[in-house]
Amino acid sequence: PPQFVVPFQYATLPDDTARGTTVGNVSAYDLDKGNNSRISFQLTAGNIGNAFTLSQLTSDSVDIVLDSVLNADVQSRYTLQITATDSGNPRLMATATMIVIVGGVNLYAPVFTQSVYTVNITETTDPGVLIAAVNATDADMTGPDSEVEYRILLG
């Protein structure tokens, strides 16, 4: 049967990656001789929305190519299964896996619910007492780009 040189791969892409970008490459070999050693490749699972395609480089190697627009808020992980099939009788096959993680691009800055916060405290205010609450939201829908972190820079 065919054997993959690297049976498991991992890639990370930002969701603004251009269509036509090569995400990875898989290679396989077959110890049979002649026609029986010819290998064909297919994406057989995990290609949600046909986001990826294969581009044959050589008789034993294909590139995995992005074929659609990615959106981490819609689909943030693809577990692609690539099958290599030889030309023997019976046809034998092997599978490789590529996990593609799609990371969001931070498109929006946080927005505070108020433009100004004014707080008055006295010298006798005890430490640890809540003196103000601020709130901000971020239009990035999911992932670390949607989290808001607060810091007091002066004061």
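Worth saying up front: this structure is predicted, and the values here are computed from it rather than measured. (Residues numbered from 1 in each chain as written. Predicted model: local features only at pLDDT ≥ 70, side-chain atom pairs only at ≥ 80, totals over all residues. Heavy atoms only, no water.)

Chemist: What is the right way to read the pairing of strand 8 (residues 93-103) from this model?
Modeler: Across a regular strand the side chains alternate sides, sitting on one face of the sheet and then on the other. In the sheet, strand 2 (residues 8-14) pairs with strand 8 via seven bridges, with the strands oriented parallel. Each residue of the ladder has a partner; that of Gln9, found in strand 8, is Met98. Pairing of strand 7 (residues 77-86) with strand 8, which is carried by nine bridges, proceeds in the antiparallel orientation. Across the sheet, Gln81 pairs through a bridge with Thr97, a residue of strand 8. Hairpin connection, strand 7 to strand 8: the antiparallel pair is bridged by six residues. (Pairing = 2+ DSSP bridges. Helix = DSSP H or I, 4+ residues; strand = E, 2+ residues; numbered from the N terminus.)

Chemist: How should I be thinking about the nonpolar core in this particular structure?
Modeler: A general feature of soluble globular proteins is that nonpolar side chains tend to end up buried together. The biggest cluster of nonpolar side chains holds 24 residues, and the ones touching the most others in it are Phe4, Val23, Phe41 and Phe52. Put simply, the parts of the chain that give this core at least two residues each are strand 2, strand 3 (22-29), strand 4 (39-45), strand 6 (61-66), strand 7 and strand 8. The leading source of residues in this core is strand 8, at five residues. Every residue in contact with Phe4, bar those within four places of it in the chain, is listed here: Val26, Ser27, Ala28, Phe41, Ile82, Thr83, Ala84, Ala94, Thr95 and Ala96. (Core = buried A, V, L, I, M, F, W, Y, C linked by side-chain atoms within 4.5 Å. Buried < 20%, exposed > 50% of the residue type's maximum accessible area, 1.4 Å probe, protein only. Contact = heavy atoms within 4.5 Å.)

Chemist: Looking at this model, I keep getting lost on the side chain of Asp86. Mind explaining?
Modeler: Within the secondary structure layout, Asp86 lies in strand 7. Of the side chains with opposite charge, Arg91 lies nearest to the buried Asp86, which makes no salt bridge, at 5.5 Å. Polar contacts involving the side chain of Asp86 include one to the main-chain amide nitrogen of Gly88, which spans 3.2 Å. Engagement of the side chain of Asp86 in a polar contact is seen with the backbone nitrogen of Leu92, the distance being 2.8 Å. Once residues lying within four places of it in the same chain are set aside, the contact partners of Asp86 are Pro1, Pro2, Asp30, Asp32, Asn36, Arg38, Ile39, Arg91 and Leu92. (Lys, Arg positive; Asp, Glu negative; His and termini not counted. Salt bridge = Lys/Arg side-chain N within 4 Å of Asp/Glu carboxyl O. Polar contact = N/O pair within 3.5 Å; in protein donor to acceptor, adjacent residues only side chain to side chain.)

Fair warning: the whole summary comes from geometry, so function is off the table for now.
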